[in-house]
Amino acid sequence: MQQKLMNIELRSKTGKGVSRQLRIADMVPGVVYGKGMDPVAVSIKYRDLQDALAGEGGQNNLITLVGGGSLDQSMAIIADMQRDALRGTYRHVDLHRINMNEKLRVTVPVILKGTAAGVKEGGLLDLAHHELHVECLPGNIPDTIEIDITSLQLNHSIHIGEIPLPDGVKLLENPKTPVVSVLGRTKEEAEEDAAAAAAAAAPAEPAA
């Protein structure tokens, strides 16, 4: 998991008008919350937030907060983020101050490796879950969960319980839940269907 530094500034005023002025000044309004503390309103330079999100870890990057009074040098992750529906720009960010010795729950993107054997036979790859929920210590958060699908056969699936994980990482979904499958018919089934269709289309022989 990547670690980043991000400057923050405390702000005493809140509300839509204040948030609008911050965005005009190329700042992003936000709030920091966590166990045993009251939420603290902050503002972040837009570019600093972009840098904190850069890399494969994205929203799960561990961030060391710089500035912000008593928040200085606290560790945090981005818990939630609002984006502009049309432009995709950041409008607000929620930062969760964390304890590196306490487990937390996050979502991690799924990455598929290889080409499934069933796809080579004409099957269709179906990825049911693009992200998975994990529980682990902050320092153990994986950037991605990689699944090798090379040996995945036609009409078979890889389930939650079959996915290899790094030490200290636990998946929270039902172990029997399918994550990725190859759908379709075998070559023999397709040939049988084609033969049946051809036989049905053939003209009937005249009666004697």
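If you're wondering where the values come from, they're calculated on a predicted model, not measured in any experiment.

## A short note on the layout of surface pockets
Here is step 1 of the chain: Put simply, the largest pocket is a space of about 260 Å³.
Here is step 2 of the chain: Every residue lining the largest pocket is counted, 16 residues in all, and those nearest its centre are Gln59, Asn60, Ile78, Val106 and Thr107.
Here is step 3 of the chain: Looking at the lining of the largest pocket, the elements with two or more residues in it are strand E6 (75-83) and strand E8 (104-113).
Here is step 4 of the chain: Of the residues forming the lining of the largest pocket, the biggest block, five residues, is contributed by E8.
Here is step 5 of the chain: Looking at side-chain class alone, the lining of the largest pocket contains six nonpolar, six polar and four charged residues.
Here is step 6 of the chain: Here the lining of the largest pocket spans two domains, since at least three of its residues come from each of domain 1 (4-98) and domain 2 (106-191).
Here is step 7 of the chain: As a volume, the second largest pocket reaches approximately 190 Å³.
Here is step 8 of the chain: Considering the residues around the second largest pocket, the lining is formed by Gly34, Lys35, His96, Arg97, Ile98, Asn99, Glu102, Lys103, Leu104 and Pro138.
Here is step 9 of the chain: In the lining of the second largest pocket, the residues fall into three nonpolar, three polar and four charged.

## Overview of the nonpolar core
The nonpolar side chains of soluble globular proteins are, as a tendency, buried together.
Here is step 1 of the chain: Val134, Ile147 and Ile163 are the most contacted members of the largest nonpolar core, which has 26 residues in total.
Here is step 2 of the chain: The set of elements that each furnish at least two residues to this core consists of E6, E8, strand E10 (131-136), strand E11 (145-148) and strand E14 (178-183).
Here is step 3 of the chain: Counting contributing residues, this core receives three or more from each of domain 1 (4-98) and domain 2 (106-191).
Here is step 4 of the chain: Leaving out residues up to four positions away in the same chain, Val134 has contacts with Leu104, Arg105, Val106, Val108, Ile145, Val169, Lys170, Leu171 and Leu172.

## With respect to the side chain of Arg11
Here is step 1 of the chain: By the secondary structure assignment, Arg11 is in the loop between strand E2 (9-10) and helix H1 (16-24).
Here is step 2 of the chain: One buried charged residue, Arg11, remains without a salt bridge, the closest side chain of opposite sign being Asp94 at 7.9 Å.
Here is step 3 of the chain: A distance of 3.0 Å separates a polar side-chain atom of Arg11 from the backbone oxygen of Gly30.
Here is step 4 of the chain: The contacts of Arg11, once residues within four sequence positions are left out, are Leu22, Pro29, Gly30, Ala41, Val42, Ser43 and His92.

## A few points about the sheet that holds strand E1 (residues 3-7)
Here is step 1 of the chain: Taken in spatial order, the seven strands of this open sheet run E1-E5-E6-E7-E3-E4-E2, and their pairing is mixed. At either margin of the open sheet sits one strand with a lone partner, and together these are E1 and E2.
Here is step 2 of the chain: Relative to strand E5 (residues 62-66), E1 runs parallel, the two sharing five bridges. Paired with Leu5 across the strands is Thr64, a residue of E5.
Here is step 3 of the chain: Contacting E1, strand E3 (27-34), strand E4 (37-45), E5, E6 and strand E7 (90-97), helix H2 (residues 46-53) crosses the sheet at an angle of about 105° to E4.

## Thoughts on the pattern of salt bridges
Working definition: two side chains of opposite charge can pair if their charged atoms are close together.
Here is step 1 of the chain: For the structure shown, the criterion picks out six salt bridges.
Here is step 2 of the chain: Measuring nitrogen to oxygen at the nearest pair gives 3.7 Å for the salt bridge that ties Lys35 to Glu102. One end of the pair, Lys35, is in the loop between E3 and E4; the other, Glu102, is in the loop between E7 and E8, with 67 residues separating them in the sequence.
Here is step 3 of the chain: For Lys35, a relative accessible area of 68% translates into the label exposed.

## Here we look at the environment of Arg11
Here is step 1 of the chain: In this structure Arg11 comes out as buried when scored by relative accessible area, which is 16%.
Here is step 2 of the chain: With 31 residues separating them in the primary sequence, Arg11 and Val42 have C-alpha atoms 5.2 Å apart.
Here is step 3 of the chain: A polar atom in the side chain of Arg11 sits 2.5 Å from the backbone oxygen of Val42.

Here is what the cut-offs are and how they apply
Residues numbered from 1 in each chain as written. Predicted model: local features only at pLDDT ≥ 70, side-chain atom pairs only at ≥ 80, totals over all residues. Heavy atoms only, no water. 1 Å grid on protein atoms, 1.4 Å probe; cavity = no way out; pocket = protein on both sides within 12 Å on 5 of 7 lines; lining within 4 Å. Points joined across faces, edges and corners; volume = space filled by probe spheres on them. Helix = DSSP H or I, 4+ residues; strand = E, 2+ residues; numbered from the N terminus. Nonpolar A, V, L, I, M, F, W, Y, C, P; charged D, E, K, R; others polar. Domains from an automatic or database assignment. Core = buried A, V, L, I, M, F, W, Y, C linked by side-chain atoms within 4.5 Å. Buried < 20%, exposed > 50% of the residue type's maximum accessible area, 1.4 Å probe, protein only. Contact = heavy atoms within 4.5 Å. Lys, Arg positive; Asp, Glu negative; His and termini not counted. Salt bridge = Lys/Arg side-chain N within 4 Å of Asp/Glu carboxyl O. Polar contact = N/O pair within 3.5 Å; in protein donor to acceptor, adjacent residues only side chain to side chain. Pairing = 2+ DSSP bridges. Axes fitted to C-alpha atoms, helices over the stretch in contact; angles between N-to-C directions.

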